[in-house]
Amino acid sequence: MTAKMILSLDGVVLQECLLDRERITIGRKDDNDIVINNLAVSSHHAAVITIMNDSFIEDLDSTNGMMVNGESLKKRFLQNGDLVEIGKYKLKYINDRVSKTTAEDFEKTMVMRGSLQGIRRADRSEDTLVKMPEPEVKEKAPTEIIKPPEPLRGAIQILNGPNAGRELELVKSLTTLGKPGVQVAVLTRRPQGYFITHVEGSNYPTVNGQSIGTHPRALNDHDLIELVGIKMEFFLKV
């Protein structure tokens, strides 16, 4: 079952929103996925980011903030049954799917300054390459073994700043890039390729000079990404 947020006021359910996209927003303006028409709610109050089976909610620098299970928080890795409060409104997170991701995994963010030695990423199982067994040959020339092609893996190379020239291989299912509180994006690896999604900050990352907006953007070989003033090139390698 797809995870969802249930909006209610004084125990009356007002809306159910399926988390079937990577990013949904909550706020007073009509362009939000969950609209709360109340002056205590900011135009774009919060966002829910969903990667595979997991979601987290992020306060978008709102005026009045949000509460999760009675605690004032800026960001929260959501677990089934969590209750988010925005003003007098309540949002209950429902997700019956079993997750292997921990809150710590989701909070690991690469800050685009200083040493890349501190980069940490969410875990995934490594790809495996199965070698074809060599057939038995009697009194014949050896048969050439044809190995399946190795999968292409994405990587980024930093083009400016103190880490210019360094590379980061994107071997995990989820990599977060940016500076918390300023601008953060998520790079996700899917069967159909790599995607970048905006997570945090008033300014969106750009790909080839164009803003990616609120929706996931597929990455192509040699795309140029700019995030928190750092330019980097995405490329595919064997």
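Residues numbered from 1 in each chain as written. Predicted model: local features only at pLDDT ≥ 70, side-chain atom pairs only at ≥ 80, totals over all residues. Heavy atoms only, no water.

Some remarks on the nonpolar core
Note that soluble globular proteins tend to have their nonpolar side chains buried in a common cluster.
Argument step 1. One finds Met5, Ile26, Ile34, Ile57, Val84 and Leu91 to be the most contacted residues of the largest nonpolar core, which totals 22 residues.
Argument step 2. Elements supplying a minimum of two residues to this core: β1 (4–9), β3 (23–27), β5 (46–51), β10 (83–86) and β11 (89–94).
Argument step 3. Looking at this core element by element, the count peaks at 3 residues for β11.
Argument step 4. Not counting residues within four places of it along the chain, the set of residues in contact with Val84 comprises Met5, Ile57, Met66, Met67, Val68, Leu78, Tyr89, Lys90 and Leu91. (Core = buried A, V, L, I, M, F, W, Y, C linked by side-chain atoms within 4.5 Å. Buried < 20%, exposed > 50% of the residue type's maximum accessible area, 1.4 Å probe, protein only. Helix = DSSP H or I, 4+ residues; strand = E, 2+ residues; numbered from the N terminus. Contact = heavy atoms within 4.5 Å.)

As for the environment of Lys231
Argument step 1. Checked against the element boundaries, Lys231 lands in strand β21 (residues 230–237).
Argument step 2. With sequence-adjacent residues up to four places away left out, Lys231 is seen in contact with Gln157, Ile158, Leu159, Asn160, Ile225 and Glu226.

Considering unusual backbone geometry
Argument step 1. One non-glycine residue with positive phi stands out, namely Asp10, at about 55°.
Argument step 2. Along the polypeptide, Asp10 turns up in the loop between β1 and β2 (12–18).
Argument step 3. By relative accessible area, Asp10 is classed as exposed at 73%.

Brief notes about the sheet that holds β11
Argument step 1. Taken in spatial order, the 6 strands of this open sheet run β2-β1-β11-β10-β7-β8, and their pairing is antiparallel. Looking at which strands have only one partner, the edges of the open sheet turn out to be β2 and β8 (71–72).
Argument step 2. Both β10 and β11 contribute to a ladder of 4 bridges, which runs antiparallel. Residue pairing in the sheet places Leu83 in a bridge with Lys92 of β11. (Pairing = 2+ DSSP bridges.)

Overview of the pairing of β5
Argument step 1. Of all 6 residues making up β5, 6 are buried, and the element is well covered by its neighbours.
Argument step 2. On β5, burial covers both faces: Ala46, Val48 and Thr50 on one face and Ala47, Ile49 and Ile51 on the other are all buried.
Argument step 3. As judged from the 4 bridges shared by β3 and β5, these two strands associate in the antiparallel manner. Bridge pairing links Thr25 to Ala47 in β5.
Argument step 4. The pairing of β5 with strand β6 (residues 54–59) spans 6 bridges and is classified as antiparallel. Bridging across to β6, Ile49 finds its partner in Phe56.

Things to note about the pattern of salt bridges
Argument step 1. Applying the stated criterion across every chain yields a total of 10 salt bridges.
Argument step 2. In this structure, Asp33 and Arg21 form a salt bridge, with 2.4 Å as the shortest nitrogen-oxygen distance. Residue Asp33 is found in the loop between β3 and β4 (34–35), and its partner Arg21 is found in the loop between β2 and β3; the two are separated by 12 residues along the sequence.
Argument step 3. With relative accessibility at 23%, the residue Asp33 sits in the partly exposed group.
Argument step 4. Residue class for Arg21 comes out partly exposed when judged on its relative accessible area of 37%.
Argument step 5. Beyond isolated ion pairs, a larger network of salt bridges with shared partners links Asp20, Arg21 and Asp33. (Salt bridge = Lys/Arg side-chain N within 4 Å of Asp/Glu carboxyl O.)

A look at the side chain of Asn95
Argument step 1. Structurally, the position occupied by Asn95 is in the loop between β11 and α1 (103–107).
Argument step 2. A distance of 2.8 Å separates a polar atom in the side chain of Asn95 from a polar atom in the side chain of Tyr93.
Argument step 3. Setting aside chain neighbours within four positions, we find Asn95 in contact with Ala3, Asn53 and Asn80. (Polar contact = N/O pair within 3.5 Å; in protein donor to acceptor, adjacent residues only side chain to side chain.)

Re the confidence of the model for the chain
Argument step 1. Across the chain, the average pLDDT comes to 79, with 76% of residues at or above 70.
Argument step 2. Considering only residues more than four positions removed or in separate chains, one finds that residues 113–132, a stretch of pLDDT under 50, has 44 contacts. (pLDDT = per-residue confidence, 0-100.)

Quick word on the side chain of Lys4
Argument step 1. Mapping Lys4 onto the fold places it in strand β1.
Argument step 2. What makes Lys4 buried here is its relative accessible area of 17%.
Argument step 3. Of note is the side chain of Lys4, whose polar atom sits 3.3 Å from the side chain of Glu16.

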